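Structure assessment
What follows is each chain in one-letter form.
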Amino acid sequence: MALEGEFTVTNVGAGNRIDSNTLLFGVIGNPIRHSKSPVMMNRAFRETGINGVYAAFHVTGDRIADFAAGVRAMGIQGVNVTIPHKLDIMSVLDEIDPGARAIGAVNTIVNDAGRLIGYNTDGIGYVRSLKEEAEHELAGKQIVVIGAGGAARGIVYALANEKPARITIANRSVDRAKELAASFQDLAEIEAISNDELQVACRKADIVINTTSVGMFPNTDETPVDADWLKPGAVASDLIYNPLKTKFLQQAEQRGCRIHGGLGMFIYQGAYAFEYWTGQPAPAAAMRETVLAALLS
Ligand code: NAP
């Protein structure tokens, strides 16, 4: 992609050497100091020998245009975007990938010789993780998605491109589920239901995905759905990775389901960003090892 030509003899093989050829990358958000992206991405640069460095930038909403000007002026090569800027950032970019446009959010910016191009790697990162870690074939599957927030939008878009039999979206605010289902109606069979209809949907599902924040630290005793509703052997998947195994996943495991946690989504959204920036395969196993160590420290 954009930067392949940039990795010359002067900046390949150095791996975080930091000299006058070092390429700059980073993540913006507010807050940002909790982010595990810097440790993950710097490990990726070290592992691949690319002379790049990745930092976290605390950017407030009123400085988004200044931020974009700074990226262009300083030649920052790539940036991840996290909460709360994934929507607002779109107004200051030169181009937006059709997938990110359909999802309505950007989490990755590629600086292609001064042109800032926005992508969304959250949904495709999640699907890559699901396929590699839990269920390699999504075609023909009955999938239930609980939640209809920002993360669910990227995931439903990416799942819809995998030819599932049906995607059923359940959300506390059912209107939001309906709106999400309508957005991608032309890509796959997608329906919206209320949480009252969740039990029936879960009984038929091959994969049940929690995209809500229910069960996230510190509310680790909460669960979005009764795991007894799931078919034994079905996949229970949770976007949450703090804790690594939520109550939903613990109960689903006891029920005989295959479980899939949220860490892989985080790793692979970063892996796709790395690949868009460098044109090289991301060292996903090393990235995961580093993030796990940071989470457990
Ligand atoms: P969001 O846009 O704020 O959406 C939150 C969703 O959770 C909405 O559907 C909301 O329902 C639902 N919800 C919140 N509290 C609830 C409750 N008490 N009962 C029932 N439903 C509730 O958030 P998001 O950005 O989509 O993030 C959602 C989760 O995904 C978070 O836990 C986040 O950490 C995780 N995530 C993980 C990754 C990763 O890399 N693994 C990446 C992104 C997000 P309403 O619409 O009714 O309010």
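Residues numbered from 1 in each chain as written. Predicted model: local features only at pLDDT ≥ 70, side-chain atom pairs only at ≥ 80, totals over all residues. Heavy atoms only, no water.

1. Brief notes about the overall build of the protein
Check the secondary structure of the protein and you find 10 helices and 12 strands. Taken against the 2.2 N^0.38 rule, which gives 19 Å for 297 residues, the C-alpha radius of gyration of the protein at 19 Å falls within 12% of a compact globule. Relative to all contacts within the protein whose residues are 6 or more apart in sequence, the contacts with residues 24 or more apart total 68%. Only carbon and sulfur atoms are counted for the fraction: they give 50% of the accessible area of the protein, which is about 13000 Å². Of the side-chain charges in the protein, 27 are positive and 33 negative, and the distance between the mean point of each set is 2 Å. (Helix = DSSP H or I, 4+ residues; strand = E, 2+ residues; numbered from the N terminus. Rg over C-alpha atoms; globule rule 2.2 N^0.38 Å. Contact = heavy atoms within 4.5 Å. Areas by Shrake-Rupley, 256 points an atom, 1.4 Å probe, with all protein chains shown as cover. Lys, Arg positive; Asp, Glu negative; His and termini not counted. Charge placed at Lys NZ, Arg CZ, Asp CG, Glu CD.)

2. A closer look at the pairing of strand β9 (residues 190-194)
By the bridge criterion, 5 bridges tie strand β8 (residues 166-171) to β9 in an arrangement that is parallel. Note on β9: the bridge partner recorded for Asn171 is Ser194. Handedness of the crossover joining β8 and β9 through helix α6 (residues 174-183): right-handed. (Pairing = 2+ DSSP bridges. Right-handed = clockwise from strand over helix to strand, strands pointing away.)

3. Considerations on the pairing of strand β6 (residues 115-119)
Most of β6 is tucked away, with 4 of its 5 residues classed as buried. Summarising the sheet, strand β4 (residues 95-96) and β6 pair through 2 bridges and their orientation is parallel. Along β6, the bridge assignment pairs Ile96 with Gly118. Strand direction decides the pairing type here: strand β5 (residues 108-112) and β6, joined by 5 bridges, are antiparallel. (Buried < 20%, exposed > 50% of the residue type's maximum accessible area, 1.4 Å probe, protein only.)

4. Structural notes on the site of the ligand
Around the ligand sit 20 residues, and of these Ala151, Asn171, Arg172, Ser173 and Arg176 come closest. Within the contact set of the ligand, a nitrogen atom lies 2.8 Å away from a backbone nitrogen or oxygen of Leu239. With respect to the ligand, the backbone of Phe266 contributes an N or O atom lying 3.3 Å from an oxygen atom. For the ligand, whose accessible area on its own is 930 Å², the fraction buried by protein is 72%. Broken down by secondary-structure element, the contributors of at least two residues to the shell around the ligand are α5 (150-160) and α9 (263-278). Residue classes in the shell around the ligand are distributed as 9 nonpolar, 9 polar and 2 charged. (Near = heavy atom within 4 Å. Polar contact = N/O pair within 3.5 Å; in protein donor to acceptor, adjacent residues only side chain to side chain. Nonpolar A, V, L, I, M, F, W, Y, C, P; charged D, E, K, R; others polar.)

5. A word on the sheet that holds strand β7 (residues 142-146)
Read from one edge of the open sheet, 6 strands run β9-β8-β7-β10-β11-β12, paired in parallel fashion. Two strands close off the open sheet at either side, each with one partner strand: β9 and β12 (258-260). The sheet shows a mean angle of 20° between the axes of neighbouring strands, taken without regard to direction. (Axes fitted to C-alpha atoms, helices over the stretch in contact; angles between N-to-C directions.)

6. Focus: the pattern of salt bridges
When the charged atoms of two side chains lie near each other, side chains of opposite charge can form a pair. Under the criterion given, the structure shown has 15 salt bridges. When salt bridges that share partners are traced, they join Arg43, Glu47 and Glu289 into one network. (Salt bridge = Lys/Arg side-chain N within 4 Å of Asp/Glu carboxyl O.)

7. Here's the deal with the packing of helix α1 (residues 37-48) against helix α10 (residues 284-296)
Orientation of α1 relative to α10, taken along the N-to-C sense of each, is 145°, at an axis distance of 8 Å. Crossing of α1 against α10: the hand is right-handed. Only Ala286, Met287, Glu289, Thr290, Val291 and Ala294 of α10 make contact with α1, whose side of the interface consists of Val39, Met40, Met41, Arg43, Ala44 and Glu47. Residues belonging to the contact of α1 with α10 are distributed by class as follows: 8 nonpolar, 1 polar and 3 charged. (Left-handed = near helix turned anticlockwise from the far one by under 90°.)

Don't take any of this as a statement about function, it's just geometry.
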